[in-house]
Amino acid sequence: MLQRYSDIYSGIFLLLLGIGMYLTTFSFKELTSSKIGPAFMPQIISIFICIVSVFIIVNGFKRLKFLNESKEEQVEKPAYFPVVLSLVLMIGYLILMPSLGFLMTTTLYLFFQMYLLANKSTRKIPVLIIISIVSSVVIYYIFHSLFYVMLPSGILG
Amino acid sequence: MKGKISRSILIIAMLLLSVILGACSEKEASNQSAGKEGPKQTSEKSSYPSKPIQVIVPAGAGGDTDLNARLLGKYLEKELGQPIVISNVNGAGGSVGAKQVLDSNPDGYNVLFFHNSLLLNKILGLVDYSYDSFKLAGISLLDQGNTFIVNSKSKFKDLKDMIAYAKKNPGKVTIATEVGGFTHLQLKALEKDQGIKLNIVDVGSASEKITALMGNRVDIVPTSLGLVTDYIKSKKFRTLGIMAKDRVDLMPDVPTFIEQGANVSFEKFFFYGFPKETPDDVVEKFSKAVEKVVNNKEYIEEAKKSLVTPTYMNPQEAFDYIKETDEYYKELNSDQ
Amino acid sequence: MLEMLIAGFTAVLTFKIILLIVLGVILGLIFGSIPGLTATMAIAICLPITYGMEPAAGMSLLMGLYIGGVSGGLIPAILLKLPGTPSSIATTFDGYPMAQKGLAGKAFSYAILASFFGGLLSIIVLILISPPLGNLAVQFGPFEYFAIVIFSLTLIASLSGDSISKGIMAGLLGIGFAMVGSAPIDAFPRFTFGFSSLDAGFNLLPVLIGLFAISEILLTAEQKMKTKLKADYSNSGYRLTIKELAGQGWNFLRSSLIGLGIGILPGIGGGTSNLVAYAAAKNQSKNPEKFGTGIPDGVVASESSNNAAIGGALVPLVSLGIPGDTVTAMLLGGLVLHGLQPGPMLIQTHGDIVYGIFAALLIANVFMLAFLYLGMRGFIKLLSIPQHILLPIIITLCVVGAYGVNNRLFDVGALLFFGVIGYLMMKFNFPLTPLVLGFILGPLLETNLRRGLMLSQGDFTPFLTEPIAAAFLLLTFFSLFFKFWKNRKNRKDLNVTDHNNVTS
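Bear in mind that the values here come from a model prediction, so they are computed numbers and not experimental data.

Analysis parameters
- For every chain, the first residue of the written sequence is number 1, and numbering continues from 1 along that sequence.
- Here the convention is simple: chains get letters from A, ligands get numbers from 1, in the order in which they are written.
- This being a predicted model, a pLDDT of at least 70 is required before a residue's local features are given, and a value of 80 or more before pairs of side-chain atoms are given or counted; all residues contribute to the totals for chains, interfaces and linings.
- The side-chain numbers reported here are obtained from all heavy atoms of the structure, hydrogens and water having been left aside.
- Secondary structure follows DSSP: runs of H or I at least 4 residues long count as helices, runs of E at least 2 residues long count as strands, and numbering of each begins at the N terminus.
- Only protein chains enter the accessibility calculation, which uses a 1.4 Å probe; a residue whose area is less than 20% of its type maximum is buried, one above 50% is exposed, and one in between is partly exposed.
- Contacts: residue pairs with any heavy atoms within 4.5 Å of one another.
- Accessible areas in this description were obtained via Shrake-Rupley with a 1.4 Å probe; residue shielding takes into account the shown protein chains only.
- Strands pair, by our definition, only if DSSP identifies at least two bridges between them.
- Axis definition: a line fitted to C-alpha atoms, limited for helices to the stretch in contact. Angles are taken between N-to-C directions and run from 0 to 180 degrees.
- Here's the idea: put two parts together, see how much 1.4 Å probe accessible area each one loses, and the total over both is what we call buried area.
- In what follows, salt bridge is the name for a side-chain nitrogen of Lys or Arg lying within 4 Å of a carboxyl oxygen of Asp or Glu.
- As used in this structure description, the phrase polar contact means that two N or O atoms lie within 3.5 Å; if the pair is within protein, one of them must be able to donate a hydrogen and the other to accept it, and residues adjacent in sequence are counted only when both atoms belong to side chains.
- Ten residues, namely Ala, Val, Leu, Ile, Met, Phe, Trp, Tyr, Cys and Pro, are considered nonpolar, four, namely Asp, Glu, Lys and Arg, are considered charged, and the remaining ones, Gly among them, are considered polar.
- Within 6.5 Å between ring centres, the rings of Phe, Tyr and Trp (the latter by its six-membered ring) count as paired, and their orientation is classed by plane angle as stacked under 30 degrees, edge-to-face over 60, tilted in between.
- We define a nonpolar core as any set of buried Ala, Val, Leu, Ile, Met, Phe, Trp, Tyr and Cys residues linked to one another through side-chain atoms lying within 4.5 Å.
- Each crossing is labelled by how the near helix is turned from the far one, with a counterclockwise turn of less than a right angle marking it left-handed and a clockwise turn marking it right-handed.
- Here the arc refers to the directions that run from the helix axis out to each C-beta atom.
- Roughly parallel refers to an angle under 35 degrees, roughly antiparallel to one over 145, roughly perpendicular to one between 65 and 115, and oblique to any angle outside these ranges.
- Patch building starts from residues that exceed 30% relative accessible area and form no salt bridge, then joins like charges within 9 Å and nonpolar side chains (Val, Leu, Ile, Met, Phe, Trp, Tyr) within 5 Å.
- The positive count covers Lys and Arg only, the negative count covers Asp and Glu only, and His and the chain ends enter neither.
- Charged groups are reduced to one reference atom each: NZ for lysine, CZ for arginine, CG for aspartic acid, CD for glutamic acid.
- Confidence of the prediction at every residue is given by pLDDT, a number between 0 and 100.

Check the secondary structure of chain A and you find five helices and zero strands. Reading the helices (α) and strands (β) of chain A from amino to carboxyl end gives α-α-α-α-α. Residues classed as buried in chain A amount to 49% of the 157 residues present. Across chain A, contacts joining residues at least 24 apart in sequence account for 60% of those joining residues at least 6 apart. Counting every atom, chain A has about 8200 Å² of accessible surface; 72% of that belongs to carbon and sulfur.

Shown next, in the form of structure tokens:
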């Protein structure tokens, strides 16, 4: 279902985005006395976004008509659960990094992400644990100790 | 159905691992906190620095702030016995990097290296912190070579020429700057002092200013003499003078603005600043190391090449000096 | 000239310096090939190491890193559809489809040779005529830049995929995202909604890597239940026939010149050159519909232009002391720290070192070719690492790379944010490339418009009357007109299928 109306939905969203963007520009102040200020470009771009989004919506309706005439699409529904879970993992990774440090959060993230992506046949937990630990230690060592990229060391620091 | 089973296995595994790691981390944390509050506090005094120190340069790699930081860092490393890591945190006129230091852990391993623009960002209302939000570790060097340069084919032989022309033709002299930057303030001061009107245009960073002057898009570029010595030697550009109070030993032939009748003087200063809560003894140790570097003959010799004057001011002197400067800038900016 | 070059070669042909170049190229290739890590980062990390060396040695190492860093991006672009660096975005368009067809070996051969010859051509130009070219480059002011940016933005139409309106929308969104943060010139914070960490805006690297790499892992997560069809890489040949190579002659030359030209202009940078060259190759091709399905022309255009941009970017640095991008800015810093004052006199006062740099570039280019050729089979083997292991490790490296941009976690957050944007855009069939192009070019457009108006004191006419600017605007007009006319003609030819194409 989402597939069929996708253009209409995205077009409407972008239209709202364009309008919101345009309204935001009214709070921009001129700090210098030149011909055009900081609001000029954003206004132009937001107007264009609105215009193009209307095109997308119109095309979406045309396509809908076209699809109604033709046969129903057979699209296999993708599994969204792992996508959301991956995102949660990444966000958790980011949030915990300052307190737990790069090394620990990376190990945790790698393990769970690998576990999530693996098929049942390839899901060998001990192997994944070893790979997670080894690769995060290697990455941390190379960048933190060799190249002095100041990765968050967290509670280990 | 199989999906459900694997999911429950996954959840169990997650729980198990987080419990194990959680236990580990708690142990680590308690060790750490015990160390921090207990005997470590005392040992920290003598042991600082025990790991690399991150110097945050709120400007891009390759600019003069970056180069000065790197050169100082090279010598500081020898004094402190730990690597000095220069991290460029670029953006928003330096306020991103400055903010990052303010928000960082005040353990002495995060320090800001910056110049006058810190004051300007506050004065222009872009940020709400300034030099007094930091615990200063002192000033390490001054750049007294703030100059105006022109193309060698320019009709202006010296500053007097330029001012005379600008008085007759208001808004006709095109002069490059970076709006809101240090050079912008210099131009405002000159306009105010001489009662002239210049066509001030933004062309961007120091190297973009040089490009604009080469392409004859602007008449004058205010910049730092150390950045353009090669262009002056090759007779592409000429200097109209420097904005120092007196002539500077590094460049004895260059007249000052004051000599030429314009009462405008500016010095660019470079300082180190720690977050406010950093222990005093740590800041003091760092400051002492800076002092040693600034008095190091080898360092002075190297710094000479970029026409900057290594000058050490201790935290108190630095604070007073910057405060005075800040008041002058505020005054310049108030009646534009 | 020649004796200077020979002197340059003798200066760098010592065991130690050759070793440094080799190390530089290898490290550069590694950084370039890992998504999230770039040549810029490699040079930033190694700059302090060069302090202790004499200038020729230090600069040789940096040159090796530069060439390796730009070239390494082709590996993940072809194998994983992940641009390792901004300069290899366009390589993914045809390189990856080629690999999926079982032609990974050929795609590598084309890409490596194009990189080598593109680099070689630009280094030769750099050695022979950099002073006049540098002087030409400084003539380009805000009016000229504005026109060039407008011209480049219209290329979005060629990079849009099926639906032009969606491509334009993606480009507009890119320009919009680039507006977050301090406005050019007066630094007024826009669209920051009070978050001070947004003041500096988004950095290109997290945007790019987020859009392409993070979104990819989300897509993989979605499909993991299904057994993924894996292309067979084992039986692919590497050899190219003379005929195949000769067929790319004009494409190679045009793309290299585009890369060179964009490289020379300070401020535009190699990130755009590959896209512009790809679009130009597609527009001039007799069968543009084949682009994106895995034809060598796309790979050659992208890879020759990005390496040609190296020599280009060094032209203003060497001849005038003006850095064109972040990499050359750091090289300039390296020169200063070694006590060399960059500027128009550099070639005269320190000719030995400048020619040493030229020699190092030529040598590094050869080593790049050799290592990529030798490593080719190995890279393909990397794919035998299961995706569920490889991708999370890549994500971690992306996180390190994003963090390393400004040493703050905000950029990692931006990485994830753009990952979600990229995923949603793919789900809703929006092309990603125009967003990147808009993101790079948007700020240039606005900055130069505003600077131009300051320079002309509010007068718009110089944008149309300055000769170079006018020429580019005319070119823009004609290319759009031509495209429109061609589209109409096509539309008449096929009606129903077109309906499907335009709207889907």
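So, on to the overall build of chain C. Summing up its helical and strand segments, chain C has 22 helices and two strands in all. Looking at chain C residue by residue over its 504 residues, the buried ones come to 66%. Intrachain contacts of chain C at a sequence separation of at least 6 include 79% that bridge at least 24 residues. Summing over all exposed atoms, chain C offers an accessible surface of approximately 17500 Å²; the carbon and sulfur share of this is 69%.

Residue and element names in this part refer to chain B. If you trace the six strands from one edge of the open sheet to the other, you get β2-β1-β3-β10-β4-β11, paired in mixed fashion. In this open sheet, the two strands that pair with only one neighbour each are β2 (84–88) and β11 (309–313). The mean inter-strand angle of the sheet, taken between neighbouring strand axes irrespective of direction, is 25°. Packing against the sheet, helix α4 (residues 95–103) makes contact with β1 (53–57), β3 (110–114), β4 (134–143) and β10 (268–275), and its axis sits at approximately 150° to β3.

Another aspect to go through is the interface of chain A and chain C. Often, the extent of an interface is quoted as the loss of accessible area on bringing the components together. At the interface, 69 residues of chain A touch 64 residues of chain C. Surface buried jointly by chain A and chain C totals about 5900 Å² across both partners, of which 80% is contributed by carbon and sulfur atoms. At the junction of chain A and chain C, the tally comes to one salt bridge. Residue Lys166 of chain C is joined to Asp7 of chain A by a salt bridge in which the shortest nitrogen-to-oxygen separation is 2.7 Å. Inspection of the chain A/chain C interface yields two residue pairs in polar contact (both at pLDDT 80 or more). Mapped by element, the contributors of at least two residues to the side of chain A that touches chain C are α1 (2–24), α2 (40–69), α3 (80–100), α4 (102–117) and α5 (125–146) of chain A. Grouping the amino acids of the side of chain A that touches chain C by side-chain chemistry returns 45 nonpolar, 17 polar and seven charged.

Moving on: the packing of aromatic side chains. Scanning the entire structure with this criterion turns up 46 aromatic pairs over all chains. Taken together, a centroid distance of 5.8 Å and an interplanar angle of 40° make the contact between Phe266 of chain B and Tyr328 of chain B tilted. Placement of Phe266 of chain B in the loop between β9 (237–242) and β10 and of Tyr328 of chain B in helix α12 (residues 315–334) is noted, with a sequence separation of 62 residues between them. Between Phe177 of chain C and Phe417 of chain C, the aromatic rings sit 6.1 Å apart at their centres with planes inclined by 85°, giving edge-to-face as the arrangement. Placement of Phe177 of chain C in helix α8 (residues 164–178) and of Phe417 of chain C in helix α18 (residues 410–427) is noted, with a sequence separation of 240 residues between them.

Residues and elements named next belong to chain B. Structurally, Gln194 can be placed in helix α7 (residues 182–194). Polar side-chain contacts of Gln194 include one of 3.0 Å to the side chain of Asp193. Only 3.1 Å separates the side chain of Gln194 from the backbone oxygen of Gly261, close enough to count as a polar contact. Beyond its immediate chain neighbours, meaning those up to four positions away, Gln194 contacts Ile163, Lys167, Gly261, Ala262 and Asn263.

This part takes up the nonpolar core. Proteins that are soluble and globular tend to have nonpolar side chains buried together. In terms of nonpolar packing, the biggest core is built from 239 residues, with Phe143 of chain A together with Phe108 and Leu331 of chain C touching the most fellow members. Per-element accounting of this core gives the leading share, 20 residues, to helix α6 (residues 89–137) of chain C. Not counting residues within four places of it along the chain, the set of residues in contact with Leu331 of chain C comprises Ile43, Met59, Leu62, Met63, Tyr66, Leu314 and Leu317 of chain C. In terms of nonpolar packing, the next biggest core, distinct from the first, is built from 50 residues, Val101, Ala166, Ile220 and Phe269 of chain B among them.

Moving on, we come to the packing of helix α3 (residues 64–80) of chain B against helix α10 (residues 280–294) of chain B. All names here are of chain B. Interaxial distance between α3 and α10 falls to 9 Å at its minimum, and their mutual angle equals 115°. Crossing angle aside, the handedness with which α3 passes α10 is right-handed. Here α3 contributes Leu72, Tyr75, Leu76, Glu79 and Leu80 to the contact with α10, which in turn contributes Lys285, Phe286, Ala289, Val290, Lys292 and Val293. Residues that form the contact of α3 with α10 fall into these classes: eight nonpolar, no polar and three charged.

This next bit is on the environment of Ser256 of chain C. All names here are of chain C. Of note, Ser256 is situated in helix α11 (residues 249–264). Judged by its relative accessible area of 0%, Ser256 falls in the buried class. Between the alpha carbons of Ser256 and Gly312 there is a distance of 9.9 Å; along the sequence they are 56 residues apart. Setting aside its immediate chain neighbours within four residues, Ser256 contacts Gly118, Leu121, Ser304, Ser305 and Ala308.

Attention now goes to helix α6 (residues 159–168) of chain B. Residues and elements named next belong to chain B. Of the residues making up α6, those classed as buried are Leu159, Met162, Ile163 and Ala166. On an axial view of α6, the arc spanned by its buried residues comes to 95°, and they lie on one face. Of the exposed residues in α6, the ones pointing more than 90 degrees away from its buried face are Lys160 and Lys168. Of the residues flanking the start of α6, the one acting as N-cap is Asp158, its side-chain oxygen 3.3 Å from the backbone nitrogen of Lys160.

Turning next to the packing of helix α4 (residues 55–72) of chain C against helix α14 (residues 326–337) of chain C. Residues and elements named next belong to chain C. Running from N to C, α4 and α14 cross one another at 170°; their axes reach a closest spacing of 11 Å. As judged from the angle between their axes, α4 and α14 are roughly antiparallel. On α14, the residues that touch Met59, Leu62, Met63 and Tyr66 of α4 are Val327, Thr328, Leu331, Gly334 and Leu335. For the contact of α4 with α14, a count of residues per class yields seven nonpolar, two polar and no charged.

Moving on to a negative patch on the surface. Judged by side-chain charge, Glu317, Asp320, Glu324 and Glu327 of chain B come together as a negatively charged surface patch. Topologically, Asp320 of chain B is positioned in helix α12.

Quick look at the pairing of strand β8 (residues 220–224) of chain B now. Residues and elements named next belong to chain B. Burial analysis of β8 places five of its five residues in the buried class, which makes it a mostly covered element. Here β8 shows no split at all, with Ile220, Pro222 and Ser224 on one side and Val221 and Thr223 on the other all buried. Across five bridges, strand β5 (residues 146–151) lies against β8 in antiparallel orientation. The residue of β8 that forms the bridge with Asn146 is Ser224.

Once that is clear, we can look at the pattern of salt bridges. Close approach of charged atoms lets side chains of opposite charge pair. One pass over the full model with this rule turns up 14 salt bridges over all chains. One salt-bridge network, held together by shared partners, links Asp202 and Glu208 of chain B together with Arg451 of chain C.

The subject of this paragraph is the side chain of His338 of chain C. In this fold, His338 of chain C is placed in the loop between α14 and α15 (346–349). Ignoring sequence-local partners within four residues, the contact set of His338 of chain C consists of Thr50, Tyr51, Met53, Pro55 and Gly58 of chain C.

This part covers the environment of Ala244 of chain B. Residues and elements named next belong to chain B. Mapped onto the secondary structure, Ala244 falls in the loop between β9 and β10. Here the alpha-carbon distance between Ala244 and Lys268, two residues 24 residues apart in the chain, equals 9.9 Å. Those residues within four positions of Ala244 in sequence are excluded, and the remaining contacts are Gln144, Thr256, Ile258 and Ser265.

Turning our attention to a nonpolar patch on the surface. A contiguous nonpolar surface patch, about 700 Å² in accessible area, is contributed by Leu474, Phe477, Phe478, Phe481, Phe482 and Trp485 of chain C. Judged by relative accessible area, which is 46%, Trp485 of chain C ranks as partly exposed.

With that out of the way, let us pick up unusual backbone geometry. In this structure, Lys235 of chain B is a non-glycine residue whose phi angle is positive, near 65°. Mapping Lys235 of chain B onto the fold places it in the loop between α9 (225–233) and β9. Note on Lys235 of chain B: relative accessible area 65%, which makes it exposed. Phi is positive for Gln457 of chain C, close to 55°, though the residue is something other than glycine. Mapped onto the secondary structure, Gln457 of chain C falls in the loop between α19 (433–455) and α20 (462–465).

Residues and elements named next belong to chain C. Confidence in the prediction of chain C, expressed as mean pLDDT, is 86, and 94% of residues score 70 or more. In this model residues 225–229 is a low-confidence stretch, pLDDT under 50, and it forms four contacts with partners more than four residues away in sequence or in other chains. Across residues 496–504 the pLDDT falls below 50, and counting only partners more than four positions away or on other chains, this stretch makes 16 contacts in the model.

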